[in-house]
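Overview (structure and organization)
So the chains spell out like this:
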Amino acid sequence: MSLADLRKSEMMTHLVDALSQGKDIGHYGRLVFVMVARHFLSETELFRLLQLDPDLNDDKARALIEQVVSKGYSPPSREKVLEFQKHQQFPICPNPEDPDGCNVYKDLKFPGSVYESITEYHVEKTEAED
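Since the structure is predicted, the reported quantities are computational estimates derived from the model, not experimental observations.

So, about the pattern of salt bridges. If you walk through the whole model with that rule in mind, you get 8 salt bridges. A salt bridge links Asp53 to Arg30, with the shortest nitrogen-to-oxygen separation between them at 3.0 Å. Linking Asp53 in the loop between helix H4 (43–50) and helix H5 (58–71) with Arg30 in helix H3 (residues 26–37), this pair joins segments that are 23 residues apart in sequence. Comparing Asp53 with Arg30, the two get one shared label, buried. In this structure, the salt-bridge partner of Arg30 is Asp55, at a minimum N-O distance of 3.9 Å. One end of the pair, Arg30, is in helix H3; the other, Asp55, is in the loop between H4 and H5, with 25 residues separating them in the sequence. The exposure class assigned to Asp55 is partly exposed, which follows from its relative accessible area of 47%.

Shown next, in the form of structure tokens:
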């Protein structure tokens, strides 16, 4: 997996470009970025891109990557991205009016473990509700 693969998502291209331009993509923008990009980039490349955000120091960047990796956070759904976006100024989703916009599961191919984790979560949730 590579940066080129990650750029198949309009939202991820938007986030990578904003970081490359030295923009502050906000707390939730960084969280979404790491939750998705960690499946496509090495931790070194992920860290290098996060360093471009002027509102994030090296320690916080490392801590964010560690948190997402250690907790095994799955990439967020479109609905979750739009919810996150309400809590910050930077627009995580560049085209929220598009019903397919910011759906990383439509645009990107993740490792099988991501899909297995999501399926397991939904099974457990259904069992808990019964």
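The first and last C-alpha atoms of H3 sit 16 Å apart over 12 residues, in line with the 16 Å expected at 1.5 Å per residue. Burial within H3 is extensive, with 10 of its 12 residues counted as buried. Every buried residue of H3 is listed here: Gly26, Gly29, Arg30, Leu31, Val32, Phe33, Val34, Met35, Val36 and Ala37.

Here Lys86 is to be found in the loop between helix H6 (78–85) and helix H7 (104–107). Take Lys86: its relative accessible area is 71%, and that puts it in the exposed class. Along the sequence, Lys86 and Tyr28 sit 58 residues apart, while their C-alpha atoms lie 9.6 Å from each other.

Attention now goes to the state of the cysteines. Two cysteines whose sulfur atoms are joined by a covalent bond form what is called a disulfide. Applying the stated rule across the entire model yields 1 disulfide. In this model, Cys93 is linked to Cys102 through a disulfide, with the two sulfur atoms separated by 2.0 Å. Where Cys93 bonds to Cys102 through sulfur, the torsion about that S-S bond is close to 110°, and the disulfide is right-handed. By relative accessible area, Cys93 is classed as buried at 1%. Classification of Cys102 by relative accessible area gives buried; the value is 5%.

Turning to unusual backbone geometry, a few remarks are in order. Here the phi dihedral of Cys102 falls at roughly 65°; this positive angle occurs in a residue that is not glycine. Relative to the helices and strands, Cys102 is located in the loop between H6 and H7.

Mapped onto the secondary structure, Gln85 falls in helix H6. From its side chain, Gln85 meets the backbone nitrogen of Cys93 in a polar contact 2.5 Å long. Once residues lying within four places of it in the same chain are set aside, the contact partners of Gln85 are Phe90, Pro91, Ile92, Cys93 and Pro96.

Enumeration over the complete set of coordinates arrives at 3 aromatic pairs. When the centroid spacing of 4.8 Å and the interplanar angle of 20° are considered together, the rings of Tyr28 and Phe84 count as stacked. Placement of the pair is Tyr28 in helix H3 and Phe84 in helix H6, with a sequence separation of 56 residues. A residue is classified by how much of its surface remains accessible, and Phe84, at 9% relative accessible area, is buried.

Procedures and definitions
Residue numbers restart at each chain and count upward from 1, following the sequence in its written direction. Totals for whole chains, interfaces and linings use every residue, but because this is a predicted model, local features are given only for residues with pLDDT of at least 70 and side-chain atom pairs only at 80 or more, for both listing and counting. Excluding hydrogens and water, the side-chain values take into account all heavy atoms of the structure. In the sections that follow, a salt bridge refers to a side-chain nitrogen of Lys or Arg positioned within 4 Å of a carboxyl oxygen of Asp or Glu. The way it works is that DSSP assigns letters per residue, a run of H or I at least four long becomes a helix, a run of E at least two long becomes a strand, and they are numbered from the N terminus. Accessibility here uses a 1.4 Å probe with only protein chains present; expressed as a share of the type maximum, an area under 20% marks a residue as buried, one over 50% as exposed, and anything in between as partly exposed. Expected helix span is computed as 1.5 Å times (number of residues minus one). Whenever a pair of cysteine sulfur atoms sits within 2.5 Å, that pair is classed as a disulfide. Side-chain atoms alone can form a polar contact between residues adjacent in sequence; in general such a contact is a pair of N or O atoms within 3.5 Å, and within protein one must be able to donate a hydrogen while the other accepts it. Residue contacts are defined here by distance: any two heavy atoms, one from each residue, within 4.5 Å place the two residues in contact. Only centres within 6.5 Å qualify two rings of Phe, Tyr or Trp (six-membered ring in Trp) as a pair; their planes then separate them into stacked at under 30 degrees, edge-to-face at over 60, and tilted for everything else.

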